[in-house]
Amino acid sequence: MSDVSITATRPRAAEYRTTAPANASLPDYGWWVGGGMILSLALLTVMMRIAGLSIDPYDADNMPFYVSGIGLFGVRFGLRDRPWRHARAIADCAEYYGVFTLLALMGAVASYPVAAMTHGFHDAALQRIDALLQFDWLAWYRLVAATPILQSLGLAAYRSIYLTPVILFATFAFTGDRVAAHRFLATFWLTAIGTLILYAFMPAIGPFSYLWHGPIAYMPESEQWQQGLIPALRDHSVRVVDLGHLRGIVSAPSFHAAAATLYINAAWRLPRLRWPVVAINAAMLLSTPVEGTHYLIDIILGTVVALAAIGVLHRIMPRERAGVVPMPDVAPARRRG
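Procedures and definitions
- Residues numbered from 1 in each chain as written.
- Predicted model: local features only at pLDDT ≥ 70, side-chain atom pairs only at ≥ 80, totals over all residues.
- Heavy atoms only, no water.
- Helix = DSSP H or I, 4+ residues; strand = E, 2+ residues; numbered from the N terminus.
- Buried < 20%, exposed > 50% of the residue type's maximum accessible area, 1.4 Å probe, protein only.
- Contact = heavy atoms within 4.5 Å.
- Areas by Shrake-Rupley, 256 points an atom, 1.4 Å probe, with all protein chains shown as cover.
- Core = buried A, V, L, I, M, F, W, Y, C linked by side-chain atoms within 4.5 Å.
- Phe/Tyr/Trp six-rings, centres within 6.5 Å; stacked < 30°, edge-to-face > 60°.
- Lys NZ or Arg CZ within 6 Å of the ring centre and 35° of its normal.

Asks: I'd love a proper account of the overall build of the chain, names of residues and values included.
Replies: Counting its secondary structure elements, the chain contains 13 helices and four strands. Buried residues in the chain amount to 42% of all 337 residues. Summarising the internal contacts of the chain: among those between residues at least 6 apart in sequence, 85% fall at separations of at least 24. A total accessible area of about 17800 Å² is found for the chain, and carbon and sulfur atoms account for 67% of it.

What follows is the structure, given as structure tokens:
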């Protein structure tokens, strides 16, 4: 006597994904992300050369990046094909966060040659726009400076820009949603490019340096680097970019605001994460004017850049590829007798 049994594999990311059309299949955008990284690295190299800037590969401050990169690389390729239950998910998580860190690092470094090739400052115009929007940055700063609890909460919220991606990538990895991970990385990359392009047209030293002229009651996270560092980059008195001491020198658009928009958009489809991510990033947005020393218009522009990137990637990198009938998610029948 013989019987036939069919073993079905567990659907991946079942509780997070929407149902795909019957004639659609999931695309693989990994090569898109890899190609974007290679192109970005090439453009960054050219920009650094034009601006007369370099990175000292032997600087001891670079060691954390080397160690982290080797560690993530080892986890990605050492665990991916292991039979352990969670090996693939941990390997994918290492891949996502490694790519994200590299993109963020290239974006931060790229802001230096961009700043070196700019002229003048646009604080007066940005402040006039804030006045039209009825936003009083000085009042916002005085409130935070007089309230220690707001300082602590604001600093934690501002630094959460590195926390939310860890949560998102872990979710994508453990639910097997590589499409969502790759789309998020591509959107992050495109947003960084858009931010740098707009920044080239409106460099600024920020409202803290521009508006505050008395004793410093509270030093925000971003301090006052722009007013000294940008002129030094322009006159080539700074020639080496120290990876261990990268400074935030982009005022408009605000990348923290752009990142908050990207994070909320990525988490919106995830029922368990939606509202916690919204709360964390709403707090980050509220902290950005002071901790990031940003005008309100900076935050609005950052949000607009992120929404534009989301719209573009939604069209060119859809979640499903129409016109292809997917293979059923079951293993071939096994006949036992």
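After presenting the structure, the write-up continues.
Asks: Residue-level account of unusual backbone geometry, with values.
Replies: For the peptide bond that leads from alanine 252 to proline 253, omega is 0°, which places it in the cis range. Relative to the helices and strands, proline 253 is located in the loop between helix H10 (226–234) and helix H11 (255–267). Positive phi outside glycine occurs at glutamate 223, with the angle close to 50°.

Asks: Explain the nonpolar core residue by residue, including any values.
Replies: Core analysis: the biggest nonpolar cluster contains 51 residues, and Leu168, Phe169, Phe172, Phe184, Leu233, Ile249 and Tyr263 have the highest contact counts within it. Ranked by the residues each element gives to this core, the list is headed by helix H3 (residues 87–116), at 13 residues. Core analysis: the second largest hydrophobic core is formed by nine residues, Tyr141, Leu211, Tyr218 and Val290 among them.

Asks: I'd like a rundown of the packing of aromatic side chains, residues and numbers included.
Replies: The relation between two aromatic rings is expressed through the spacing of the ring centres and the mutual angle of the planes. Evaluated as defined, the whole model comprises 17 aromatic pairs. Taking the centre distance of 5.3 Å and the plane angle of 75° together, the rings of tyrosine 29 and tryptophan 32 count as edge-to-face. A residue is classified by how much of its surface remains accessible, and tyrosine 29, at 6% relative accessible area, is buried. Linked through ring pairs, Tyr96, Tyr97, Phe100, Phe169, Phe172, Phe184, Phe188, Phe255 and Tyr263 together constitute an aromatic cluster. The side chain of arginine 274 reaches across the aromatic face of tryptophan 268, ending 4.9 Å from its centre.

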